[in-house]
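# Structural description and commentary
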Amino acid sequence: MINSRLSVAIHILSLLASHPRDRLTSEYIAGSVQTNPVVIRRLTGMLRKAGIVTSSPGTAGAVLTKAPEEITLLDVYDAVFAGEDLFSIHDKPNPDCRVGRNIQDTLDTHFERAEQAMKNELARQTLADTMEHLFT
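Calculation rules
- Residues numbered from 1 in each chain as written.
- Predicted model: local features only at pLDDT ≥ 70, side-chain atom pairs only at ≥ 80, totals over all residues.
- Heavy atoms only, no water.
- Axes fitted to C-alpha atoms, helices over the stretch in contact; angles between N-to-C directions.
- Helix = DSSP H or I, 4+ residues; strand = E, 2+ residues; numbered from the N terminus.
- Parallel < 35°, antiparallel > 145°, perpendicular 65-115°, else oblique.
- Left-handed = near helix turned anticlockwise from the far one by under 90°.
- Contact = heavy atoms within 4.5 Å.
- Nonpolar A, V, L, I, M, F, W, Y, C, P; charged D, E, K, R; others polar.
- Pairing = 2+ DSSP bridges.
- Buried < 20%, exposed > 50% of the residue type's maximum accessible area, 1.4 Å probe, protein only.
- Phe/Tyr/Trp six-rings, centres within 6.5 Å; stacked < 30°, edge-to-face > 60°.
- Core = buried A, V, L, I, M, F, W, Y, C linked by side-chain atoms within 4.5 Å.

Packing of helix α3 (residues 37-49) against helix α4 (residues 73-80) leaves a shortest axis separation of 8 Å and a crossing angle of 115 degrees. Judged by the angle between their axes, α3 and α4 are roughly perpendicular. Handedness of the crossing formed by α3 with α4: right-handed. For the pair α3 and α4, the contacting residues are L43, M46 and L47 in the first and V76, A79 and V80 in the second. For the contact of α3 with α4, the per-class residue count stands at six nonpolar, no polar and no charged.

Next comes the structure, spelled out in structure tokens:
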């Protein structure tokens, strides 16, 4: 299964942006996402660490720290996949095999280009762009 962290994080931010005067709780957001509030709290923590949302101790809920136009989908991706590789390559292919000996270097090159293309596209899209599509 492909990881859904990015789409859930964008869902969270879209909800927060659509209720700019409210502090939405993880329970409320979880109801929209149809997941456990713990999942929402974990992702919100990642978004908070990246400076995209803020929350106050003792006060339920979170709010955006920037306008939706200032938050790129790459910002969100970087927040929820900090330091993780998009693609992984299987460990220890057979060095005595012509394919096994070269597959890692070959795939690294392809995967790096694919990941950079994806990041370039995410950098062009903002949370505001996403919301525009949600409500049209």
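So much for the structure itself; the text now carries on.
Here we come to the pairing of strand β1 (residues 53-56). Judged from the three bridges that link them, β1 and strand β2 (residues 59-64) form a sheet pairing that is antiparallel. Counted as the bridge partner of V53 is L64 from β2. Taken together, β1 and the strand that follows it, β2, pair antiparallel across an intervening segment of two residues, in which G58 is found at a positive phi of about 85 degrees.

All right, on to α4 then. Counting buried positions along α4 gives six out of eight residues, so the element sits mostly inside the fold. What α4 keeps buried is the set L73, L74, V76, Y77, A79 and V80.

Within the structure shown, the criterion is met by two aromatic pairs. Residues Y77 and F81 carry aromatic rings whose centres are separated by 5.1 Å and whose planes lie at 35 degrees to one another, so their mutual orientation is tilted. Judged by relative accessible area, which is 14%, F81 ranks as buried. Between the aromatic rings of F87 and F111, the centroid separation amounts to 4.5 Å while the plane-to-plane angle is 25 degrees, which identifies the pairing as stacked. Taken together, the positions of F87 in the loop between α4 and α5 (98-124) and F111 in helix α5 put the pair 24 residues apart, joining distant regions of the chain. Taking relative accessible area as the criterion, F87 reaches 33% and is therefore assigned partly exposed. Given the relative accessible area of 24%, F111 is considered partly exposed.

Bringing the nonpolar core into the picture now. In terms of nonpolar packing, the biggest core is built from 31 residues, with L13, L16 and L47 touching the most fellow members. Those elements giving two or more residues to this core turn out to be α1 (5-18), α2 (26-33), α3, β2, α4 and α6 (127-134). In this structure L16 touches L24, I29, V53, A62, V63 and L64, once residues within four positions along its chain are discounted.

This part is about unusual backbone geometry. Positioned with a positive phi, Q34 is a non-glycine residue whose angle comes to about 65 degrees. Checked against the element boundaries, Q34 lands in the loop between α2 and α3. You can call Q34 exposed: its relative accessible area is 74%. A positive phi angle is found at K92, which is not glycine, with a value near 55 degrees. Here K92 shows up in the loop between α4 and α5.

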